[in-house]
Every structure is written in structure tokens, then in C-alpha cells.
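Structural overview for review
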Amino acid sequence: MGAGLVASYGTLAWFASRFLYPKRDEEGAWLFVCTVNRLEPGSSLLFKIPGGETIAVARNGRGADAGDFVALSSTCPHLGCQVHWEANKDRFFCPCHNGAFDRGGKAIAGPPAQAGTDLKQYRLRVDGSLLYINVPSELLAKAEPNGKPAREARGELHGRIVERVAVRGPGHDPCLAPRNPETSREC
Ligand code: FES
């Protein structure tokens, strides 16, 4: 029984350490997103990384490898509305002006396609049953304006799953915002 307890606590400690102390390499940090089973095939979630950027993480395959998932910025490069994954159409869709992106983030319809502006893609990694996302160094620097790695050392460098994103400021679609005759423009 003692050996069983030691093994159980060992496994628990291993999971905790992987979550609390994200791996960092020269290209950024690997942050824990969720367990692989948390995302059913065809579903997606929103993940907010340190620094505030939100990322749509979708499971577009039936397997459990990194290639069965995709992570793209959820902020449309046109006017900053939030895109969402449409599994039945195999695309990310922006409802503001019918912008659409393929699973690699390439703009395929609407204003983003006309402007040739794609969604930024993030690297993913599956480690056992855990899904991790790579957050590039330049975004981490935003989260740590003094350039100090203190938050990471304290195990506080985490993202979190969010229900929805409050859109405000200049990125918000002016066609959906309250009209201001001084500043509004044609939609
Ligand atoms: S198409 Fe996305 S904000 Fe216009």
C-alpha cells in the first residue's frame, strides 16, 4: 500500500510541476492549456495568455497528437472582432463582416482575404494527456514589462480558459458600436 501511495503522490507531483512551472525555450514558454480530453473533436475554446491576447484552440482531428489541434489568434485582423471555429465548415469565422480563415489561419473570405491578412498561428504540443501552447518571447515581454522573469520563477506565468472576450477600444467593430457622427464611417 505504501508503494501505491508513493506512486500516486509522485504522479500528482509530476502533474503539478508541469502545470506550475512551464517549460521555457529560446522561442518562448510552453503554457498548459487543458487536458486533451477537455476538447472534443470539432470543439474549441478560448485561451487568454499573459499579456492579454486571446487564442482560439480547436480540435480539428480525431487523434490526440498536436496535429489534431490548432491554435490561432482569436482577434480578426480586419477590425478586431472575435473569430470562432466552425467545425462543419472547417474554418474560423468572423461574424462582423463575414471574414473567414482556413485551419492554418490563412484568410479565405471577406475583408481579411481582400487585404491578405491572416490570423497568427501558435505552436502546440501534446505531452502525455496534456495540451501546451507556445507563447513567443515578445508576447511574454508584454506580460513582464520590466523584462523580469520573476513571475515565471514564482510559477505565476499561466494562461486561462475564458468564456468570452469583452471587445472594446479601437479594435471594436465600428458598425456594431454606438454611432458617433463625428467619428463613424461607412460600414
Ligand atoms: S471581417 Fe472581422 S472585423 Fe471585419
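Residues numbered from 1 in each chain as written. Predicted model: local features only at pLDDT ≥ 70, side-chain atom pairs only at ≥ 80, totals over all residues. Heavy atoms only, no water.

1. Focus on the overall build of the protein
Within the protein, the regular secondary structure consists of 4 helices and 13 strands. Burial statistics for the protein: of 187 residues in total, 39% are counted as buried. Total accessible area on the protein is roughly 10,600 Å²; 53% of this is exposed by carbon and sulfur atoms. (Helix = DSSP H or I, 4+ residues; strand = E, 2+ residues; numbered from the N terminus. Buried < 20%, exposed > 50% of the residue type's maximum accessible area, 1.4 Å probe, protein only. Areas by Shrake-Rupley, 256 points an atom, 1.4 Å probe, with all protein chains shown as cover.)

2. Quick notes on the sheet that holds strand β9 (residues 107–109)
What links the strands of a sheet is backbone hydrogen bonding, and the strands pair in either a parallel or an antiparallel sense. Across the sheet, 4 strands lie side by side as β6-β7-β8-β9; this open sheet has antiparallel pairing. Among the strands making up the open sheet, the edge pair consists of β6 (84–86) and β9. When the angles between neighbouring strand axes are averaged without regard to direction, this sheet yields 40°. Note that strand β7 (residues 91–94) and strand β8 (residues 99–101) share 3 bridges and pair antiparallel. Bridging from a neighbouring strand, phenylalanine 93 pairs with alanine 100 of β8. (Pairing = 2+ DSSP bridges. Axes fitted to C-alpha atoms, helices over the stretch in contact; angles between N-to-C directions.)

3. Quick look at the environment of asparagine 60
For asparagine 60, the location among the structural elements is in the loop between β4 (54–59) and β5 (69–73). Sequence spacing of asparagine 60 and arginine 91 is 31 residues, and the spatial spacing of their C-alpha atoms is 9.8 Å.

4. Here's the deal with unusual backbone geometry
In this structure, aspartate 90 takes a positive phi of about 55° despite not being glycine. Among the structural elements, aspartate 90 can be located in the loop between β6 and β7. Owing to a relative accessible area of 34%, aspartate 90 belongs among the partly exposed residues under this scheme.

5. Quick word on the environment of alanine 29
With respect to the secondary-structure elements, alanine 29 resides in strand β2 (residues 28–35). Relative accessible area serves as the criterion here: at 0%, alanine 29 is assigned to the buried category.

6. Some details on the confidence of the model for the protein
Per-residue confidence for the protein averages 77 on the pLDDT scale, and 65% of its residues sit at or above 70. Segment residues 168–187 is flagged for pLDDT under 50; beyond a separation of four residues in sequence, or across chains, it makes 22 contacts in the model. (pLDDT = per-residue confidence, 0-100. Contact = heavy atoms within 4.5 Å.)

7. Comments concerning the pairing of β5
For β5, the buried fraction is high: 5 of the 5 residues fall into the buried class. Of the two faces of β5, both are covered, the one formed by Phe69, Ala71 and Ser73 as well as the one formed by Val70 and Leu72. Pairing analysis gives 5 bridges linking β4 to β5, with the strands arranged antiparallel. Along β5, the bridge assignment pairs alanine 56 with leucine 72. Relative to strand β10 (residues 121–122), β5 runs antiparallel, the two being bridged by 2 bridges. Note on β10: the bridge partner recorded for leucine 72 is glutamine 121.

8. Describing the nonpolar core
General note: in soluble globular proteins, nonpolar side chains tend to be found buried as a group. Counting residues in hydrophobic clusters, the biggest one holds 21 residues, and the most contacted among them are Val33, Val57, Leu131 and Ile133. Counting only elements with at least two residues in this core, the list comes to β2, β3 (44–48), β4, β5, β12 (130–135) and α3 (137–143). Ranked by residues supplied to this core, first place goes to β2 with 4 residues. Leave out the neighbours within four places in its chain, and valine 33 touches Leu45, Phe47, Val57, Leu131, Tyr132, Ile133 and Ile161. Grouped together as the second largest cluster of nonpolar side chains are 14 residues, Leu72, Cys81, Val83 and Trp85 included. (Core = buried A, V, L, I, M, F, W, Y, C linked by side-chain atoms within 4.5 Å.)

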